[in-house]
Every structure is written in C-alpha cells, then in structure tokens.
Amino acid sequence: APPAVRDLEQTDLFDLVGSIGISPDSRVVVYGRTDTLRECFHATRVSCTIKYAGVKNVAILDGGFNQWVKEKRPVSRTVIRATPKVYRGAVRKDMFVDKAYVMKHYNRLVLLDVREPDYFSGKRKLDCVDQAGRLPGAVNLPTSWVYTPDRLFKNREQLAILAEAAVGSDRSKEIVTYCDTGQCCPTWACILKEILGYKNVRIFDGAVQEWMHDPTAPVE
C-alpha cells in the first residue's frame, strides 16, 4: 500500500487498540471459544495483530473459554468498559512480508503452507481464491495439527517433532508461513518463533488469495 494508506491503517489500528484500554506495556491475554478450529485460529490472529501494534507481552489462553468453563473456573455476565487510552506504539514491520518480498527472495525462503492437505495439493480451494494450488516448493504443515482433540495446544515436544519434520531443525533459516487468507498462518509462525526457537519466521499475510490473483506468480 502507498505510504499515506499505510499511515492511515496504522492510525486506525492504534485507535482500536487504545479504545479497549491497551498500552504498549500492557499484559494482554487473548481468548475466544474453541468450538471450531477456525475459532482457535482467530485467537492467534488477534494476538498477532496486537503484537504487530507494538504490545510485547501478549499470550493466548490455552483451550480458550471452553476449557475455562470445563475446569469450572469463575465466569461473569457483567460488561466491563475499559477506559480508552491514547495508544502510542511502534508497529512490528518485521513480522510480515509481502508478495514482492517473497518473489524477490524465493530461492532462499522456506515456504510453509499451513492449510489442510486438500488445499495444499490443489484438490480443493476457497471461493475467494482464483485458482487451486500452492506456491512452488512449499512444504505443508496444517494448522489443525497444532491442537489436541480437546482443542488444547500440543506440548512442546510434540510440536517440535511436527515442525522439524516439515522445516528441519536449523533454527536460523528464513521461514515464511502462509495460508489462504492470512487468518491461520500466524499460529505456526507464533509457535515456531516463540516456543520452538526458530529465529527468522515471518508471515505472508496476503497469502494464496493475493498470490493466485497475480497471473505472473508461479503456481504448483
């Protein structure tokens, strides 16, 4: 996007974050329902957005609201309105890459496709995606594999086995995660970087939707 548009988007993001009382030094815990895998992905995407706004101390509640209730923890129906703040942060531009970056550095990147196997193989596609397929040379590690049947995160050892089978054990290699629309690719990016110690992980949030819309972009 042009600089003027990016500046407006940043202002809108800061206004939104500040409107719910968050400041750069806040401790933020994100949770939602976990009835579906998509709802699990949403919590990670929201946490990613808050981190992008410059808040460093952000966590996800394992199991979300469902697990909280299952463990018979206290709940409330009282609506609490946070006191709005004027948010002044610094966006984390290092968290994301765009299509131009992927194309320019294609040969050195590990492209991690986190969609389900049928979408990775091209057997299926979303209506919002122009054509089926994947970025050539990408490896597949579905986001659904992150969770246990109870929609809790698998433990570190289990996640490490899955990750190393897909991208290897070299923690210094440059990894870019992508999905269809940018909603679920933050999940593995977060796990790789913050739990498993991969140092150079970023998100292509334009994802397959943007890639497949470009007739010059290679497809496999």
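Details of the environment of V139
Logical step 1: Mapping V139 onto the fold places it in strand β5 (residues 139–140).
Logical step 2: Considered as a pair, V139 and K199 are 60 residues apart in the sequence and their alpha carbons are 19 Å apart.
Logical step 3: With residues up to four places along the chain from it excluded, the contact list for V139 reads L111, L112, D113, F120, A166 and V167.

Description of the state of the cysteines
Formally, a disulfide is one covalent bond, and it connects the sulfur atom of one cysteine to the sulfur atom of another.
Logical step 1: Following the criterion strictly, the structure yields 0 disulfides and no others.
Logical step 2: C48 takes part in no disulfide bond, and the closest cysteine sulfur to it belongs to C185, at a distance of 7.8 Å.
Logical step 3: The exposure class of C48 is buried, given its relative accessible area of 6%.
Logical step 4: Just so you know, C190 is unpaired, no disulfide at all, and the nearest cysteine sulfur is the one on C48, 8.2 Å from it.
Logical step 5: Of the residues examined, C190 reaches a relative accessible area of 18% and is grouped as buried.

Quick notes on the packing of aromatic side chains
Logical step 1: Taken as a whole and judged by the stated rule, the model has 7 aromatic pairs.
Logical step 2: Between Y52 and F96, the aromatic rings sit 5.3 Å apart at their centres with planes inclined by 85°, giving edge-to-face as the arrangement. Here the residue Y52 occupies a position in helix α2 (residues 37–52), and F96 occupies one in strand β3 (residues 96–97), the gap between them amounting to 44 residues.
Logical step 3: For Y52, a relative accessible area of 26% gives the class partly exposed.
Logical step 4: Relative to W211, the ring of F204 lies with its centre 6.2 Å away and its plane at 80°, an arrangement referred to as edge-to-face.
Logical step 5: Look at F204 and you get buried, because its relative accessible area is 0%.
Logical step 6: Taking relative accessible area as the criterion, W211 reaches 0% and is therefore assigned buried.
Logical step 7: Ring pairs connect the aromatic residues F41, Y147 and F153, which therefore count as one cluster.
Logical step 8: Geometry around W68 places R73 over its ring, the cationic atom sitting 5.4 Å from the centre.

Regarding the nonpolar core
Logical step 1: One finds L112, V114, I175, W188, L192, L196 and Y198 to be the most contacted residues of the largest nonpolar core, which totals 28 residues.
Logical step 2: Counting only elements with at least two residues in this core, the list comes to α2, β4 (110–113), α6 (156–167), α7 (185–195) and β7 (200–204).
Logical step 3: If we skip the residues at most four places from it in the chain, I175 touches V110, L112, V167, L192, Y198, N200, V201 and R202.
Logical step 4: With 17 residues, the next largest nonpolar core counts L109, L111, W211 and M212 among its residues.

So, α2
Logical step 1: With 16 residues, α2 extends 23 Å between its outermost C-alpha atoms, agreeing within 8% with the 22 Å of an ideal straight helix rising 1.5 Å per residue.
Logical step 2: Those residues of α2 lying buried are C40, F41, A43, T44, S47, C48, I50 and K51.
Logical step 3: Taken from the residues just after α2, G54 is the one with a positive phi, measuring 110°.

Rules behind the numbers
Residues numbered from 1 in each chain as written. Predicted model: local features only at pLDDT ≥ 70, side-chain atom pairs only at ≥ 80, totals over all residues. Heavy atoms only, no water. Helix = DSSP H or I, 4+ residues; strand = E, 2+ residues; numbered from the N terminus. Contact = heavy atoms within 4.5 Å. Disulfide = S-S within 2.5 Å. Buried < 20%, exposed > 50% of the residue type's maximum accessible area, 1.4 Å probe, protein only. Phe/Tyr/Trp six-rings, centres within 6.5 Å; stacked < 30°, edge-to-face > 60°. Lys NZ or Arg CZ within 6 Å of the ring centre and 35° of its normal. Core = buried A, V, L, I, M, F, W, Y, C linked by side-chain atoms within 4.5 Å. Expected span 1.5 Å × (residues − 1).

Functional significance is not addressed by these values, which are geometric in nature.
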